[in-house]
Amino acid sequence: APPRRHSPRAMFRPGAARCLANRAGALRRAPAARNAPAAVRGFAAAPSKLKCVMLNAARLDFDSRIDWGKVKESADLTSYDISNDAEIVSRVQGADIVMNKEYPIPGEIIRQFPPSVKLIAEAGTGYNNIDLDACRERGISLCNVPEYTTEAMGDYAITLVLALSCSLAPQMKALARGDRTYMRQCHLGNLHHFEIQGKTFGIIGGVG
């Protein structure tokens, strides 16, 4: 899939944006080779932005509303909608930062990354899809976005409570198999049904 451009909506939390910005600054401050010509002094002599490759933007930017401005402030962004295993290594050539959304990147692929890659930015909460041992071997840092779906998870929790309160899923399954028993009788039988009003919402294991 060819690289694409994006239209506005925020993606990264400020903490993740700082992660990229701080890493960019650290890379630019890397010591230059003594007496080396400017063309080969690396980041210390080059004011240009770092190169960032987004491997699977469609997984994250499915509605084309994300604003990639914070990323572009610190890096020159090239974005691909979809990347498969065979395409990843060629697409990250010359990149400083590899951005990814939940796609598994195993060790055999990471070990083929060019020396230029210093950071894998996982655009989500979990990073179990990234081989950490391979990252350590190659000296590649890894960052994630631990709070990027806080509001969405709250919406989802309320959605599930409402669905449970009216036995939505069991009734949908019954209709799907042609069972209209609950539509013909005046009660829900063994289905659980309760009203939300007056109930107390409890959260177990939450942080924050």
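Keep in mind that this is a model prediction, so the values were computed, not measured. (Residues numbered from 1 in each chain as written. Predicted model: local features only at pLDDT ≥ 70, side-chain atom pairs only at ≥ 80, totals over all residues. Heavy atoms only, no water.)

### Comments concerning the overall build of the chain
A count of helices and strands for the chain gives nine helices and five strands. When the elements of the chain are put in sequence order from the N terminus, they spell out α-β-α-α-β-α-β-α-β-α-β-α-α-α. A total of 208 residues make up the chain; the buried ones form 31% of that total. For the chain, the share of sequence-separated contacts (at least 6 apart) that also reach a separation of at least 24 residues comes to 60%. If you sum the accessible surface of the chain, you get close to 13,100 Å²; carbon and sulfur atoms cover 56% of it. (Helix = DSSP H or I, 4+ residues; strand = E, 2+ residues; numbered from the N terminus. Buried < 20%, exposed > 50% of the residue type's maximum accessible area, 1.4 Å probe, protein only. Contact = heavy atoms within 4.5 Å. Areas by Shrake-Rupley, 256 points an atom, 1.4 Å probe, with all protein chains shown as cover.)

### Notes on a nonpolar patch on the surface
Among the surface-exposed residues, I158, L162, L164, F194, I196, F201 and I203 lie close enough to one another that they form a single nonpolar patch of about 700 Å² accessible area. Secondary-structure assignment places I203 in the segment after α9 (181-184). Taking relative accessible area as the criterion, I203 reaches 67% and is therefore assigned exposed. (Patch = residues over 30% accessible without salt bridge, like charges linked within 9 Å, V, L, I, M, F, W, Y side chains within 5 Å. Salt bridge = Lys/Arg side-chain N within 4 Å of Asp/Glu carboxyl O.)

### Considering the environment of E195
Summarising the element assignment, E195 is placed in the segment after α9. E195 sits 33 residues away from L162 along the chain, and the two C-alpha atoms are 9.1 Å apart.

### A few points about the nonpolar core
Of all hydrophobic cores here, the largest spans 18 residues; its most connected members are L55, V98, I105, I110, F113, I120 and I140. Sorting the residues of this core by element identifies α4 (85-91), α5 (107-110) and α6 (132-138) as the ones contributing at least two each. In terms of nonpolar packing, the next biggest core, distinct from the first, is built from 16 residues, C52, I66, L77 and A121 among them. (Core = buried A, V, L, I, M, F, W, Y, C linked by side-chain atoms within 4.5 Å.)

### Quick look at the sheet that holds strand β1 (residues 50-54)
If you walk across this open sheet you meet the five strands as β2-β1-β3-β4-β5, and the pairing is parallel. Whereas interior strands pair on both sides, the edge strands pair on one side only; in this sheet they are β2 (75-79) and β5 (141-143). Taken over all neighbouring pairs, the strand axes of this sheet differ in orientation by 20° on average, direction set aside. Pairing geometry for β1 and β2, over five bridges, is parallel. Bridge assignment links M54 to a residue of β2, and that residue is S79. (Pairing = 2+ DSSP bridges. Axes fitted to C-alpha atoms, helices over the stretch in contact; angles between N-to-C directions.)

### Focus on the pattern of salt bridges
It is possible for side chains of opposite charge to pair when their charged atoms get near one another. Applying the stated rule across the entire model yields seven salt bridges. Across the pair D179 and R177 runs a salt bridge whose closest N-O atoms are separated by 3.9 Å. Classification of R177 by relative accessible area gives exposed; the value is 60%. The network of salt bridges with shared partners includes R59, K101 and E102.

### Let's talk about the packing of aromatic side chains
Applying the stated criterion across every chain yields a total of zero aromatic pairs. Lying over the aromatic face of Y80, R91 brings its terminal NZ or CZ to 4.0 Å of the ring centre. (Phe/Tyr/Trp six-rings, centres within 6.5 Å; stacked < 30°, edge-to-face > 60°. Lys NZ or Arg CZ within 6 Å of the ring centre and 35° of its normal.)

### Details of unusual backbone geometry
The backbone of S64 sits at a positive phi, close to 55°, despite the residue not being glycine. Secondary-structure assignment places S64 in the loop between α2 (57-60) and α3 (69-74). In this model, E102 sits at a positive phi of 70°, which is unusual for a non-glycine residue. The exposure class assigned to E102 is partly exposed, which follows from its relative accessible area of 37%.

### Quick look at the pairing of strand β4 (residues 119-122)
Of the two faces of β4, the one lined by L119 and A121 and the one lined by I120 and E122 are each fully buried. Here four bridges tie strand β3 (residues 97-100) to β4, and the two strands are oriented parallel to one another. Counterpart to M99 in the pairing with β4 is A121. The β-α-β motif built from β4, the intervening α6 and the parallel element β5 has right-handed crossover chirality. (Right-handed = clockwise from strand over helix to strand, strands pointing away.)

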